[in-house]
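Descriptive analysis of the structure
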Amino acid sequence: MTKNIIIIGSGLGGLACGYIFAKNGYRVSIFEKNAQVGGCLQTFTRQGVKFETGMHYVGSLAEGQTLNRFFRYLSLFPDVVASPLDTSAYDIISIGGERYAFANSPEQFVETLSARFPDERRNLERYFSTIRSVADDSPLYSLRCTDPVTLLNPEYIKQSASAFIDSVTDNRRLREVLAGNLPLYAGLRDKTPLYIHALINDFYNRSAFRIVGGSDAIAFSLVKSIRAMGGEVYRSSEVVKINCNDTAAVSISLRNGDSIEGDYFISNIHPRRTVELLDTHLIRKSYRERIMSLRNTVSNFTVYIRFKPNAMPYLNSNFFHYNGASVWGCERYTDADWPKSFLYMHLCAAPDQRFATAAVLFAYMNFEDVEQWNGTKVGRRGADYEDFKLRKAERLLDALEKQMPGTRESIDTFYTSTPLTYLDYTGTERGSMYGIIRDCNESVQTFVSQRTKVPNLLQTGQNINSHGILGVIIGAIIAAGELLGVNTIVNQIRNT
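This is a predicted model, so every value here is computed, not measured.

This part is about helix H4 (residues 121–136). The first and last C-alpha atoms of H4 sit 22 Å apart over 16 residues, in line with the 22 Å expected at 1.5 Å per residue. Burial in H4 covers these residues: Leu 124, Tyr 127, Phe 128, Ile 131, Arg 132, Val 134 and Ala 135. Taken around the axis of H4, the buried residues stretch over an arc of 155°, which confines them to a single face. On its buried face, H4 is in contact with helix H3 (106–116), helix H5 (154–158), helix H6 (161–168), helix H7 (172–178) and helix H8 (194–206).

What follows is the structure, given as C-alpha cells:
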C-alpha cells in the first residue's frame, strides 16, 4: 500500500525530500503557506528585472563534482542553467584598502595568495589540505556509503574555525583574509565550528557558479518533477497544527479549516515553528525548552539595485568588504558605525553577459533594529519604517560607492528589505539568515536532529545538518534516509 508523505514548507529541503520520496514510490503532498514556493530560492521581479532573495551563487557544480551529481539525481538539468564565476577570483576580499582574490582549485588558491604573502606558501598549503580533508572525510559530501551513518569527524565539530585559522599562520592579515567570506555562514569568532568554514570553502573552491535567470528555476523544476511523479505542491496553504494521537502524528490542520491525514510527516520549517505546531505529550518539556532557547544567526539588510541599460560592466566575482582590520564581529555595531562590512554581487540574467542589469548589496542587521515594526504587514509598516529603510540604503550605497566609484551614477533605482521581510517570506526565527547558531563549545546542545520524539515526524531544512544548497540537500537525504536508508539514496545518486 502506498504511503502518504506530508511535507510542511516548500523550501529546498522540503522540495528535495518530496522529490526523493516521490521517486521512490511514495505519495507526496507539500503544503506552502506563501503564494510562491521555494523559501530562500524565491525571487521577485521589479520593472522587468529579477532579483534573488537568498540563493546567490553555488559551488561544486562542474561536471562530476558533488552538487552536479545531486542536480542530476534531482533532474534539475536542463531546467537550471549555470554561469561560471571568474576562476581566478570567484571571491574578492577587501580589507584595509587591499583586495585579495580566492581562485578555484587548492593549487591556484595557494598560488594566488602566496603572491601576496610570499612567506606563507607552506601555511596556505597546510590550510587547504585540512579544508579538503574535512570534506573528503564526510561521507555524504563525498558520496560514500557508510554504516552507521557518520556525518562528520567530531574533531571538526568541537574546534572553532577561528582557532583553526589562527593555528595555521601568525600573519594577522592572512588570518583575516582566510576568514573573509564568513558572511556566507555568519561566522562567530570562537563559536562557529571548523566544519562549517571548511565545507563551504571546499564547496566553492572546487567551482563557483551563478544560476542564470534566478535560483527559483531550481524550485520550479523540483515542483514540476514532483507533480510528474504523482505528487502535489499546494501554495497559500498554511499549516497551523500537527495533530497527534497517543503514539504518532496523524494529520495536519490548515488555516482554512481543512484536515489532511498522512502516514509520515516532514517539517521543512524552523524547529521553533515545528514545536509551536505540536501540542502533544510526545514532545517533552525539556526538548521544547531547548529548541525555544536556541540562538539564531544575525539577519541582514539588503539593497536590490537595478542598473541603467549598458551602464555597469558585469562583475563576475563576489565582493566582500570590511571597514576595519578584522572580518570578525561585524554583527556587533552601533548606529554610528553601521555597516562595518558588506557583500556585493551582480546577478546573472544571461550567459556571457557584458553588462549587469541588477545587483544585491547586503549588510548584517540585527532584528532589534526593526523590532518596533514587528507584527505589521508588508507594505503597511508606515512612514517611519520607509524612512528607516531609505536612510540605511543611502548609507550602504555610500559605502559601496567608496569601494566601487561610479556605481551610483549607473543605478536606475533600488529596493530594500530588512529582517522583517526575511521573516515574512521564509518564516525563519527573527529573520535569521542561516537559522540556529552552531556552537563548537555546545555542539550537542545546538545540534538539531532530523528525528523527533514523534516517531513519524521528521525535520529537514537549513537547521538540520547545515545551511546552504549543499548542506540542505544532504539534510534532505538524511531525513528521507530515515525511511529509505541513506545508503540506498547515495547509491541511487551514484548510479544516476
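In the contact formed by H4 and H8, the axes pass within 8 Å of each other and the chain directions differ by 95°. Taken together, the axes of H4 and H8 lie roughly perpendicular to each other. On H8, the residues touching Tyr 127, Phe 128, Ile 131, Arg 132, Val 134, Ala 135 and Asp 136 of H4 are Tyr 195, His 197, Ala 198, Leu 199, Asn 201, Asp 202, Asn 205 and Arg 206. The residue makeup of the contact of H4 with H8, split by class, is 8 nonpolar, 3 polar and 4 charged.

Here we come to the pattern of salt bridges. Tallying each qualifying case throughout the model produces 28 salt bridges. A salt bridge links Lys 224 to Asp 79; its shortest N-O distance comes to 2.8 Å. Taken as a pair, Lys 224 in helix H9 (residues 216–228) and Asp 79 in the loop between helix H2 (66–73) and strand S6 (82–84) lie far apart in primary sequence, 145 residues in all. The class of Lys 224 is partly exposed, set by a relative accessible area of 47%. Salt bridges sharing common partners tie together Arg 132, Asp 136, Asp 202 and Arg 206.

Let us now look at the sheet that holds strand S13 (residues 259–261). Strand order in this open sheet of 3 strands is S11-S12-S13, and the pairing throughout is antiparallel. With partners counted over all chains shown, the strands left at the sheet margins are strand S11 (239–244) and S13, one partner each. Shown here is a sheet whose adjacent strand axes are inclined to one another by a mean of 25°, direction ignored. Here 3 bridges tie strand S12 (residues 249–254) to S13, and the two strands are oriented antiparallel to one another. Bridged to Ile 252 within S13 is Ile 260.

Attention now moves to empty space enclosed by the protein. Under the defined criterion, the tally for this structure stands at 2 cavities of 30 Å³ or more. By volume, the largest cavity is sized at about 100 Å³. Around the largest cavity, the lining residues are Tyr 185, Ala 186, Leu 188, Thr 192, Ile 196, Thr 297, Tyr 434, Ile 436, Ile 437, Arg 438 and His 467. Taken as a whole, the second largest cavity encloses approximately 30 Å³ of empty space. Forming the boundary of the second largest cavity are Ala 16, Ile 20, Phe 70, Tyr 73, Leu 74, Ile 473, Ala 476 and Ile 477. It is helix H15 (residues 468–484) that provides the largest number of residues to the lining of the second largest cavity, a total of 3 residues.

Cut-offs used in this document
- Residues numbered from 1 in each chain as written.
- Predicted model: local features only at pLDDT ≥ 70, side-chain atom pairs only at ≥ 80, totals over all residues.
- Heavy atoms only, no water.
- Helix = DSSP H or I, 4+ residues; strand = E, 2+ residues; numbered from the N terminus.
- Expected span 1.5 Å × (residues − 1).
- Buried < 20%, exposed > 50% of the residue type's maximum accessible area, 1.4 Å probe, protein only.
- Arc of directions from axis to C-beta.
- Contact = heavy atoms within 4.5 Å.
- Axes fitted to C-alpha atoms, helices over the stretch in contact; angles between N-to-C directions.
- Parallel < 35°, antiparallel > 145°, perpendicular 65-115°, else oblique.
- Nonpolar A, V, L, I, M, F, W, Y, C, P; charged D, E, K, R; others polar.
- Salt bridge = Lys/Arg side-chain N within 4 Å of Asp/Glu carboxyl O.
- Pairing = 2+ DSSP bridges.
- 1 Å grid on protein atoms, 1.4 Å probe; cavity = no way out; pocket = protein on both sides within 12 Å on 5 of 7 lines; lining within 4 Å.
- Points joined across faces, edges and corners; volume = space filled by probe spheres on them.

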